Amino acid sequence: VSQDVTVRNTNQYTYLGSCVTEDGSIASSVKAHCRQKMAQVNKYEAFVKRNSDMPFSVKKKVFTAALTSTLLYASETWISHSAWKEAAPQNHPVIRALLGVRKTTATDLCLIEAGLPPLSQRIKSAQKHALLKLESESRTPR
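Since this is a predicted model, take the numbers as computed values, not measurements.

Definitions and limits used
Residues numbered from 1 in each chain as written. Predicted model: local features only at pLDDT ≥ 70, side-chain atom pairs only at ≥ 80, totals over all residues. Heavy atoms only, no water. Helix = DSSP H or I, 4+ residues; strand = E, 2+ residues; numbered from the N terminus. Rg over C-alpha atoms; globule rule 2.2 N^0.38 Å. Buried < 20%, exposed > 50% of the residue type's maximum accessible area, 1.4 Å probe, protein only. Lys, Arg positive; Asp, Glu negative; His and termini not counted. Charge placed at Lys NZ, Arg CZ, Asp CG, Glu CD. Axes fitted to C-alpha atoms, helices over the stretch in contact; angles between N-to-C directions. Parallel < 35°, antiparallel > 145°, perpendicular 65-115°, else oblique. Contact = heavy atoms within 4.5 Å. Nonpolar A, V, L, I, M, F, W, Y, C, P; charged D, E, K, R; others polar. Phe/Tyr/Trp six-rings, centres within 6.5 Å; stacked < 30°, edge-to-face > 60°.

(A) Region of interest: the overall build of the protein chain. A tally of helices and strands in the protein chain yields 6 helices and 2 strands. When the helices and strands of the protein chain are read in sequence order from the N terminus, they spell out β-β-α-α-α-α-α-α. For 142 residues, the compact-globule estimate of 2.2 N^0.38 gives 14 Å, and the C-alpha radius of gyration of the protein chain, at 18 Å, exceeds that figure by more than 25%. Based on the C-alpha atoms only, the size of the protein chain along its principal axes is roughly 60 × 40 × 30 Å. Counting across all 142 residues of the protein chain, residues that qualify as buried make up 30%. Distance from the positive charge centre (20 side chains) to the negative charge centre (11 side chains) of the protein chain: 6 Å.

This is the structure we're talking about:
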């Protein structure tokens, strides 16, 4: 049984959680991904504000498990060297919320205090891990 299906042009499409934009630009895809994940950023900031007396280790665990995995989902495909800069405006305020410091506190100081690597380093590490995994899979006989 066949049904009439109309396929229309779209500016952006999300496939398995990754945004693909019409122009094919990695930067615009990352920008679209970040716009979609803004709700999670707001939820985390509200969570930290509501649970200000919660131990830092618990806040950091929630940050790592829930938020970082959401914001950096599929970051190993962000091949452009500057793509991580599109995600930085969302990442930096969340780290400040994690620490409970002012919005004007320097990002580098916050990263050191939280014991977190810079965003670019985290993305490059994920990319390296993915490439090494692909390389090792290609070497194993099937």
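Don't stop here, the text continues.
(B) Looking closely at the packing of helix H2 (residues 38-50) against helix H3 (residues 56-71). Contact geometry of H2 with H3 gives a least axis separation of 10 Å together with a crossing angle of 170°. The angle between H2 and H3 falls in the class roughly antiparallel. Across the interface between the two elements, Gln40, Val41, Tyr44, Phe47 and Val48 from H2 touch Lys59, Val62, Phe63, Leu67, Thr70 and Leu71 from H3. Residues belonging to the contact of H2 with H3 are distributed by class as follows: 8 nonpolar, 2 polar and 1 charged.

(C) Spotlight on the packing of aromatic side chains. Across all of its chains, the model carries 2 aromatic pairs by this definition. Site record: aromatic cluster; members linked through ring pairs are Tyr44, Phe47 and Phe63.

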